[in-house]
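Chain by chain, the residues run as shown.
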Amino acid sequence: MTTKSQKSTTTFYYRNVPRKHFRKQPYPMRAPDSSGDGFVCRINVYEIYAKNPGLLLNNDSQDSNTQNFNSLNKLVKDIDQLPIDHQILNCKNPRIIWDKTKSMDVSREDGYNLLHIKEKSLCSKLRLTPSTYLKAKYNILKAAQQFKLEGKDFKKSDAQKSGIDFNVNKASVLWNFFNQLKWV
């Protein structure tokens, strides 16, 4: 018999790394819901849609998608009517100075296929959806055309006021982009 009491030390391993502490309960448990009467009701949503798959087809969202697509096509046609040369995008490589945030993936947005490769990278860097970019492009270029007809110079501040609904700094970058292409 030993006079000293011996403590057994057990080393627990978590992902092959020894740990000194361990959980009292190896599996965490949720606290019971105190608001109910103890009954749990589970609904299998997949059964509902399996019985009636027509519920998955929401006609309102399809109508809005086709309306959005039609409005973007109309907007592109309006942009094409403006006196600008889109072929210059193949020749020139305008600089985009915008280092504020990470780029955004806009490849799954509506109107992505309507943009030039350089416009796609501009939208990505500025974190603009293609539809927002096309609206801003139309508003800025239309305002620039109006200023030319009146014999005035079109400045950055005019581009910022031309009916865009996002940050004025992004409007300045758009003005620089269009100015490098000689569109404004």
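Above this text sits the structure in question.
This section reports on the structure supplied with the text. (Residues numbered from 1 in each chain as written. Predicted model: local features only at pLDDT ≥ 70, side-chain atom pairs only at ≥ 80, totals over all residues. Heavy atoms only, no water.)

1. Some thoughts on the packing of helix α4 (residues 117–126) against helix α7 (residues 168–180)
In step 1: Relative to each other, α4 and α7 sit at 160 degrees, their axes nearing to 11 Å. It follows that α4 is roughly antiparallel to α7 by the angle criterion. α7 is crossed by α4, and the crossing has right-handed handedness. In contact with K118, E119, L122 and L126 of α4, α7 contributes K170, V173, L174 and F177.
In step 2: Partitioned by chemical class, the residues of the contact of α4 with α7 number five nonpolar, no polar and three charged. (Axes fitted to C-alpha atoms, helices over the stretch in contact; angles between N-to-C directions. Helix = DSSP H or I, 4+ residues; strand = E, 2+ residues; numbered from the N terminus. Parallel < 35°, antiparallel > 145°, perpendicular 65-115°, else oblique. Left-handed = near helix turned anticlockwise from the far one by under 90°. Contact = heavy atoms within 4.5 Å. Nonpolar A, V, L, I, M, F, W, Y, C, P; charged D, E, K, R; others polar.)

2. Things to note about the pattern of salt bridges
In step 1: Inspection of the entire model under this criterion finds three salt bridges.
In step 2: Across the pair D78 and K74 runs a salt bridge, and its minimum N-O distance is 3.3 Å. In this pair, D78 and K74 are both assigned in helix α2 (residues 59–81), four residues apart and thus about one turn of the helix distant.
In step 3: Accessibility expressed as a relative area gives 25% for D78, which makes it partly exposed.
In step 4: On the basis of relative accessibility, which here comes to 53%, the residue K74 falls in the exposed class. (Salt bridge = Lys/Arg side-chain N within 4 Å of Asp/Glu carboxyl O. Buried < 20%, exposed > 50% of the residue type's maximum accessible area, 1.4 Å probe, protein only.)

3. Comments concerning the packing of aromatic side chains
In step 1: Per the counting criterion, the structure on display carries four aromatic pairs.
In step 2: On the basis of an interplanar angle of 70 degrees and a centroid distance of 5.3 Å, the ring pair of F147 and F154 is categorised as edge-to-face.
In step 3: Taking relative accessible area as the criterion, F147 reaches 21% and is therefore assigned partly exposed.
In step 4: Taking the relative accessible area as the measure of exposure, F154 reaches 11% and is therefore buried.
In step 5: Taken together, the aromatic side chains of Y133, F177, F178 and W183 make up a single cluster linked through ring pairs.
In step 6: In this structure, K152 is placed above the aromatic ring of F147, and the distance from its NZ or CZ to the ring centre is 5.8 Å. (Phe/Tyr/Trp six-rings, centres within 6.5 Å; stacked < 30°, edge-to-face > 60°. Lys NZ or Arg CZ within 6 Å of the ring centre and 35° of its normal.)

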